[in-house]
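Here is what each chain is made of, one letter per residue.
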Amino acid sequence: MIDLRSDTVTKPSETMRAAMMSAQVGDDVYGDDPTANALEERVAALFGFDAGLFTPTGSLANQLAIRQLVKPGDEILTETFSHIVRAELGAGAVFSGITTRTWEAPRGILKAADPLHIARPHSGPYQVSTTAIAIENTHNFGGGTVQSIDEIRRLRDESLKFEIFMHLDGARIWNAHVASGVSFLEYGKYFDTVSICFSKGLGAPVGSMMLSNKERNISARQWRKRYGAGMRQIGMLAAAANYALDNNIDRLSVDHKHAQSLAQAVHAVADHVVNPVEVETNIVILNLSGLLTDAADLSASLKAAGILSSPVGPKILRLVTHLDISDDDVAKVNSVLPELIERALEA
Ligand SMILES: *Cc1c(COP(=O)(O)O)cnc(C)c1O
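Residues numbered from 1 in each chain as written. Predicted model: local features only at pLDDT ≥ 70, side-chain atom pairs only at ≥ 80, totals over all residues. Heavy atoms only, no water.

> What should I look at first to understand the domain arrangement of the protein in this one?
Where interface size is given, it is often the accessible area lost as the parts come together that is meant. Taken as a whole, the protein is organised into domain 1 (11-247) and domain 2 (252-346). Counting residues at the interface gives 17 residues for domain 1, matched by 12 residues for domain 2. When the two sides are added together, the surface that domain 1 and domain 2 hide from each other amounts to roughly 1,300 Å², 53% of it contributed by carbon and sulfur. Three residues, Arg-107, Gly-143 and Asn-175, lead the burial of domain 1 against domain 2; their summed loss comes to 33% of the area buried on that side. At the junction of domain 1 with domain 2, the criterion picks out 2 salt bridges. (Domains from an automatic or database assignment. Contact = heavy atoms within 4.5 Å. Buried area = accessible area lost by both parts, 1.4 Å probe. Salt bridge = Lys/Arg side-chain N within 4 Å of Asp/Glu carboxyl O.)

The structure is reproduced here in structure tokens:
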């Protein structure tokens, strides 16, 4: 099967497994795992933060971060289709008593004016106070779009004036970096907390991290344990993450090239289904509006041809490229998908 459902489906390579096998380990709840400790320091330094906290998932990294920034009853602002509000099952409300308000942005693309327009900091005893804004980069459901560093900077300048914190959901910040050339240090500079994932395009089997200052890190470490995610010999997982950082960042450009190739092949037969210019990283969103097929049907036809995809809306099909997808796989998809779409075009 050619699995384009997500970049989370990657399996650890033989060499990554070898790195995991030879990892130095200790009990991380006692702070004794040297590989986990070194990884936390490494990633914190990479983004210009004081401290990192390894977590099993990106959702937990996001949730530990935002609970450091937002008091119960206060609110975080985020884009309508962001992971924090769409794919974490209300965790901010359930675990931290956080209220959420959203702005909507075409393809998830940040304009600093949008959150600023709805922000209501220091609202007193009668209305909800805004204390944080979350930005997703790249934007997953927006189609892997890369946020403009100028807009991020502008938002930071303005939100500092209002004492509003900023959180970066950087599950795919690696892809943003490779596509934009903006450094990790520069991305880190404008945020109070950051979450990153090793388990998406970087190809590690498990693992994410929350970055913050020392004080928030200490508190988040307690909350991680309280949530039941204090882990023991996680050096084996940290070793996979280290391997991914050493070997799998630059090669994301290959995934981006593959996504571009898929988009262009579809665009060639149906230019309204996808605009290759809007495919900035490794996610291809096909809009099947006006076609004689819906996303579930097309996904089923692809599956019959050995290709897995994700219907993410009635007429929206998502394809994600990653390190287990080869040039040959892309060629195979390009020999099947455009033809299926052509057949679904109205006569
Ligand atoms: C995948 C993802 C996460 C974290 O997901 P987990 O499955 O909890 O690791 C967070 N944010 C975005 C944008 C993601 O795509």
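> Explanation requested: helix H7 (residues 149-161) in the structure shown.
Residues three or four positions apart in an α-helix share a direction because the helix packs 3.6 residues into each turn. Here H7 contains 13 residues, and its C-alpha end-to-end distance of 19 Å stays within 8% of the 18 Å for a straight helix at 1.5 Å per residue. Residues of H7 that are buried: Ile-149, Glu-151, Ile-152, Leu-155, Arg-156 and Ser-159. End-on view of H7: buried residues confined to an arc of 155 degrees, all on one side of the axis. Here the buried face of H7 lies against helix H6 (113-118), strand E5 (130-136), strand E6 (165-170) and helix H9 (184-188). Between a side-chain oxygen at the N-terminus of H7 and the backbone nitrogen of Asp-150 the separation is 3.2 Å; the capping residue is Ser-148. (Helix = DSSP H or I, 4+ residues; strand = E, 2+ residues; numbered from the N terminus. Expected span 1.5 Å × (residues − 1). Buried < 20%, exposed > 50% of the residue type's maximum accessible area, 1.4 Å probe, protein only. Arc of directions from axis to C-beta. Polar contact = N/O pair within 3.5 Å; in protein donor to acceptor, adjacent residues only side chain to side chain.)

> Sorry if this is basic, but what is going on with empty space enclosed by the protein here?
With a probe scaled to a water molecule rolled over the atoms, the places where space remains empty come into view. Under the definition given, this model contains 2 cavities of 30 Å³ or more. Roughly 60 Å³ of volume is contained in the largest cavity. Looking at the largest cavity, the residues that line it are His-83, Glu-136, Asn-137, Thr-138, Asn-140, Asp-169, Gly-170, Ala-171, Arg-172 and Lys-200. Considering only residue class, the lining of the largest cavity consists of 1 nonpolar, 5 polar and 4 charged. In this structure, the second largest cavity occupies an estimated 50 Å³ of space. Around the second largest cavity, the lining residues are Glu-79, Trp-103, Gly-108, Ile-109, Leu-110, Ala-134, Ile-135, Glu-136, His-139 and Gln-147. In terms of residue count, E5 provides more of the lining of the second largest cavity than any other element does, 3 residues in total. Classifying every residue of the lining of the second largest cavity by side-chain character gives 5 nonpolar, 3 polar and 2 charged. (1 Å grid on protein atoms, 1.4 Å probe; cavity = no way out; pocket = protein on both sides within 12 Å on 5 of 7 lines; lining within 4 Å. Points joined across faces, edges and corners; volume = space filled by probe spheres on them. Nonpolar A, V, L, I, M, F, W, Y, C, P; charged D, E, K, R; others polar.)

> So what exactly am I meant to see when it comes to the site of the ligand here?
The immediate surroundings of the ligand are formed by Thr-57, Gly-58, Ser-59, Asn-62, His-83, Glu-136, Asn-140, Asp-169, Ala-171, Arg-172, Cys-197 and Lys-200. One nitrogen or oxygen atom from the side chain of Arg-172 is found 2.8 Å from an oxygen atom belonging to the ligand. Protein coverage of the free-state accessible area of the ligand, which is 380 Å², stands at 84%. In terms of residue count, the dominant contributor to the shell around the ligand is helix H3 (residues 58-69) (3 residues). (Near = heavy atom within 4 Å. Areas by Shrake-Rupley, 256 points an atom, 1.4 Å probe, with all protein chains shown as cover.)

> Could you clarify how one ought to interpret the nonpolar core in this entry?
Nonpolar side chains in soluble globular proteins tend to be buried together. One finds Leu-39, Val-43, Phe-47, Trp-174, Ile-196 and Phe-198 to be the most contacted residues of the largest nonpolar core, which totals 50 residues. With 6 residues, the top contributor of residues to this core is helix H11 (residues 235-247). Apart from the residues lying within four places of it in its own chain, the contact partners of Val-43 are Ile-196, Phe-198, Met-209, Leu-211 and Leu-245. Counting residues in hydrophobic clusters, the runner-up holds 28 residues, among them Val-274, Leu-319, Ile-325 and Val-336. (Core = buried A, V, L, I, M, F, W, Y, C linked by side-chain atoms within 4.5 Å.)

> Hey, could you run me through the packing of aromatic side chains in this one?
Each aromatic ring pair is specified by the distance between its two centres and by the angle formed by the two planes. The full count for this structure, using the stated rule, is 7 aromatic pairs. Measuring from ring centre to ring centre gives 6.3 Å for Phe-54 and Phe-198, while their planes differ by 15 degrees; the resulting arrangement is stacked. Here Phe-54, found in strand E2 (residues 51-55), pairs with Phe-198, found in the loop between strand E7 (193-197) and strand E8 (208-212); they are 144 residues apart in sequence, far enough to count as distant. When sorted by exposure, Phe-54 lands in the same class as Phe-198, which is buried. For the ring pair Trp-174 and Phe-184, a centre distance of 5.3 Å and an interplane angle of 70 degrees mean the geometry is edge-to-face. With a gap of 10 residues between them, Trp-174 in helix H8 (residues 173-180) and Phe-184 in helix H9 connect regions that are remote in the sequence. (Phe/Tyr/Trp six-rings, centres within 6.5 Å; stacked < 30°, edge-to-face > 60°.)

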